[in-house]
Amino acid sequence: ETGVTQTPRHLVMGMTNKKSLKCEQHLGHNAMYWYKQSAKKPLELMFVYSLEERVENNSVPSRFSPECPNSSHLFLHLHTLQPEDSALYLCASSQAPGQGEKNYGYTFGSGTRLTVV
Amino acid sequence: RKEVEQDPGPFNVPEGATVAFNCTYSNSASQSFFWYRQDCRKEPKLLMSVYSSGNEDGRFTAQLNRASQYISLLIRDSKLSDSATYLCVVNPGGGYGGATNKLIFGTGTLLAVQP
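Scoring rules and cut-offs
- Residues numbered from 1 in each chain as written.
- Chains lettered and ligands numbered in written order.
- Predicted model: local features only at pLDDT ≥ 70, side-chain atom pairs only at ≥ 80, totals over all residues.
- Heavy atoms only, no water.
- Buried < 20%, exposed > 50% of the residue type's maximum accessible area, 1.4 Å probe, protein only.
- Helix = DSSP H or I, 4+ residues; strand = E, 2+ residues; numbered from the N terminus.
- Pairing = 2+ DSSP bridges.
- Contact = heavy atoms within 4.5 Å.
- Buried area = accessible area lost by both parts, 1.4 Å probe.
- Salt bridge = Lys/Arg side-chain N within 4 Å of Asp/Glu carboxyl O.
- Polar contact = N/O pair within 3.5 Å; in protein donor to acceptor, adjacent residues only side chain to side chain.
- Nonpolar A, V, L, I, M, F, W, Y, C, P; charged D, E, K, R; others polar.

Could you clarify how one ought to interpret the pairing of strand β1 (residues 4–7) of chain A in this entry?
In the case of a regular strand, side chains alternate between the two sheet surfaces. Residue and element names in this part refer to chain A. Residues Val4 and Gln6 line the buried face of β1, whereas the alternating positions Thr5 and Thr7 sit on a face that is not buried. As defined by bridge partners, β1 adjoins strand β3 (residues 18–25) across four bridges and the pair is classed as antiparallel. Its bridge partner being in β3, Thr7 is matched across the sheet by Lys22.

Spelled out as structure tokens, the structure:
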């Protein structure tokens, strides 16, 4: 496998369910991210992991819980979600450049389209 | 003021037309800039990076104006396959990326190329 893979592609869950989204990157990158994309809104950064350490949490509700067991894997654990959490959840990875190095941006996974009923 | 601002469009243009998108950013310390393309119900994909001297790739030209804090994307000889949402993306961290390479995305500009 190459690039960034996300599973599942689609998920429908009830408000009392617990589920997890999985992301795996095969690019040797040192940073991974979760973004949320809702209709008519820009991508919203949720979490940033750098070298497996969570370095940013953008005031995301505690019903979203990230986990990064190693530099290639990222999970987003979901529990007691609300209907307004229905969105496309995108995982991305990048090689954060050092001083003077070129920035090649992100590679995204294909996303998980989540519907909360 | 939004960190990254774009005209949402839609831009409806005939095949063969030249179309230009502009984007403004609020953080004057930003150093890295990108244009991403997102097709309907798909993930964003990097179209091109934008650096101080600008960037050209075939029919696509991206330019950066630091004094006015805006970035532009020019598409010449539009094709039907260019129809997509174009996202302006900025790293506001200063320097080349910073430790986390956090990127801020605009809402995107929708382009529809008509036959």
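Sorry, what's going on with the interface of chain B and chain A here?
One widely used convention gives an interface's size as the accessible area the parts lose upon coming together. Opposite the 24 residues of chain B that make contact, chain A presents 29 residues. In this assembly, chain B packs against chain A so that about 2,000 Å² is buried in total across both faces, 54% of it on carbon and sulfur atoms. At the junction of chain B and chain A, the tally comes to zero salt bridges. Applying the counting rule to chain B against chain A returns nine residue pairs in polar contact (both at pLDDT 80 or more). Those elements that provide at least two residues to the side of chain B that touches chain A are β4 (32–38), β5 (45–50) and β9 (84–91) of chain B. With four residues, β4(B) is the single largest residue contributor to the side of chain B that touches chain A. The residue inventory of the side of chain B that touches chain A, partitioned by class, reads 10 nonpolar, 10 polar and four charged.

Looking at this structure, how should I read the pattern of salt bridges?
Where side chains of opposite charge bring their charged atoms close, a pairing between them can arise. Residues and elements named next belong to chain A. Going through the model one piece at a time under the given rule, you end up with six salt bridges over all chains. A salt bridge links Asp85 to Arg63, with the shortest nitrogen-to-oxygen separation between them at 2.7 Å. With Asp85 in the loop between β8 (73–79) and β9 (87–94) and Arg63 in the loop between β6 (53–57) and β7 (64–70), this residue pair connects regions lying 22 residues apart in the sequence. Looking at Asp85, the relative accessible area reads 2%, which means it is buried.

Any functional reading would require information that these geometric values do not contain.
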